[in-house]
Amino acid sequence: MTAVPARFDDATRRWYLVPDPRAPSVTPAILVAFDADPAATAPSIRLRSTGTGMPLAPTGAGNVYGASLDLHAVAAGGYAIDVVERLASGEVVVATKEIVISEPEYVVWTLDFEGDASSDQAMANTADIADEQKIPMTVMWNPRVWTTTQVTAARADAMLAWTKARVAKGDELSLHLHMWTDFVRAAGLVPRTAPNWAGRSDGYDVPMTAYPENDQRALLEYSLRLMSEHDLARPTTFRAGGQFANDATLRTLAALGFVADCSAVPAGGFGRLPYPWTLGADAQPYRPSTSDANKAGDLALLEAPTIGGNTFGYDVRTIQPVIRADLSYLAPAGEIATTRRALTVVSHPGTIDATERAAIAALFTSLAALRYDRDSGPLRFVTLAQLAQAWR
């Protein structure tokens, strides 16, 4: 009996991710093509440095065999996978593939409807970016369009149809609220026009944190009821208008069954108001304290800070600093990520004209060399709910 020559199939990946130890996870199928039937040699694959192995089994496609490796407890680093055959004289390695195991990195692209009208062209530009770049969207619906005369019924219907079509394609439905006075009044509450971050009088720029916890809950419950009445599924993720949320907001979200929020941003201010956040520039997802939104605790909710930038108003030239900042938070191209990382980026389906579309495309193109789905690196584009599932 002699060894059967073999080679790794082109479909076998080079990049793999360290799995969550609490979730079942193995490598995608590792495929090996043999020059002849290797059954007599009992072929297997083996991670050389650990000795972890798995028998190769026929796939039904000629002499192509496959297997998966359990990577639990395998640290990030470079490894070799050997194809091993058993001969009368002992084991022999007939093929080797160098692989990379990395901690995962994530990018979440969130799209905030603001509660005003979004044009067909802007929504088409938004969808085109997602489809061309093959990036899932977290579409953050704003139910104010059903409580105002400033958005026509026809326009609200068009926005709703677009959202439902995107959800049908696999994008996530989320929730985004601004404290528009007509929306707050429709919820049965007394609207406020101060404090505000821009000096408006319509409530759009009033922080959700200006309302007490009971009012915040009433606004969220009213929003969920409106969405249900318009045949939208109950969302499980959220962002507050202007990024203003506090411990009361997060407690309420968790109590209502939300799994993630992305209102947090690095410390600073917005317009005439200081942010309620004291986080660092590259703050990573965490489970907040029930009494302090800025501190880690045991709240059953993931806070995913929006550190990846807001694309509103950028063009291809002016977005370059945002691109450099985002890349600085991630492992360089070709290098292993030694810790898991996440970036959340925010855009608005009502503002994406040709100029902003080009800027967003430039941002996402800059990440192409890191993408896991292209077997180039550890970076995965996910929805906010998917991030909450992964970041357990």
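Our structure is the block above this text.
Heads up: these notes are all about the structure in this document. (Residues numbered from 1 in each chain as written. Predicted model: local features only at pLDDT ≥ 70, side-chain atom pairs only at ≥ 80, totals over all residues. Heavy atoms only, no water.)

1. Concerning the side chain of Ser174
Line of reasoning, step 1. Its location among the elements puts Ser174 in strand β12 (residues 172-177).
Line of reasoning, step 2. Residue Ser174 is classed as buried on the basis of its relative accessible area, which comes to 0%.
Line of reasoning, step 3. Excluding residues within four positions of it along the chain, Ser174 makes contact with Thr138, Val139, Met140, Trp141, Met227, Pro235, Thr237 and Phe238. (Helix = DSSP H or I, 4+ residues; strand = E, 2+ residues; numbered from the N terminus. Buried < 20%, exposed > 50% of the residue type's maximum accessible area, 1.4 Å probe, protein only. Contact = heavy atoms within 4.5 Å.)

2. Some thoughts on the sheet that holds strand β4 (residues 44-47)
Hydrogen bonds between backbone groups are what pair the strands of a sheet, and the pairing can be parallel or antiparallel.
Line of reasoning, step 1. On the basis of which strands lie adjacent, the open sheet formed by 5 strands has the order β2-β9-β8-β4-β5 and mixed pairing. The open sheet has two edge strands, β2 (15-17) and β5 (53-55), and neither has a second partner. Taken pair by pair, the neighbouring strands of this sheet meet at an average axis angle of 35°, ignoring direction.
Line of reasoning, step 2. Pairing between β4 and β5: 3 bridges, direction antiparallel. Of the residues in β5, the one forming a bridge with Ser44 is Pro55. (Pairing = 2+ DSSP bridges. Axes fitted to C-alpha atoms, helices over the stretch in contact; angles between N-to-C directions.)

3. Section: the pairing of strand β9 (residues 90-102)
Line of reasoning, step 1. Inspection of the sheet shows β2 paired to β9 by 3 bridges, in the parallel sense. From the neighbouring strand, Trp15 faces β9, where its bridge partner is Val100.
Line of reasoning, step 2. The pairing of strand β8 (residues 77-87) with β9 spans 11 bridges and is classified as antiparallel. Within β9, the position partnered with Val84 by the bridge is Val93.
Line of reasoning, step 3. With antiparallel pairing between neighbouring strands as the criterion, β8 and β9 make up a hairpin whose turn holds 2 residues.

4. Digging into helix α1 (residues 120-133)
Line of reasoning, step 1. End to end, α1 covers 20 Å across 14 residues, agreeing with the expected 20 Å (1.5 Å per residue, within 8%).
Line of reasoning, step 2. When we look at burial in α1, the residues that qualify are Ala122, Met123, Asn125, Thr126, Ala127, Ile129, Ala130 and Gln133.
Line of reasoning, step 3. The inward-facing, buried residues of α1 abut β10 (105-112), β11 (137-141), α2 (153-168) and α7 (354-365).
Line of reasoning, step 4. Immediately downstream of α1, the backbone of Lys134 shows phi near 55°, a positive value. (Expected span 1.5 Å × (residues − 1).)

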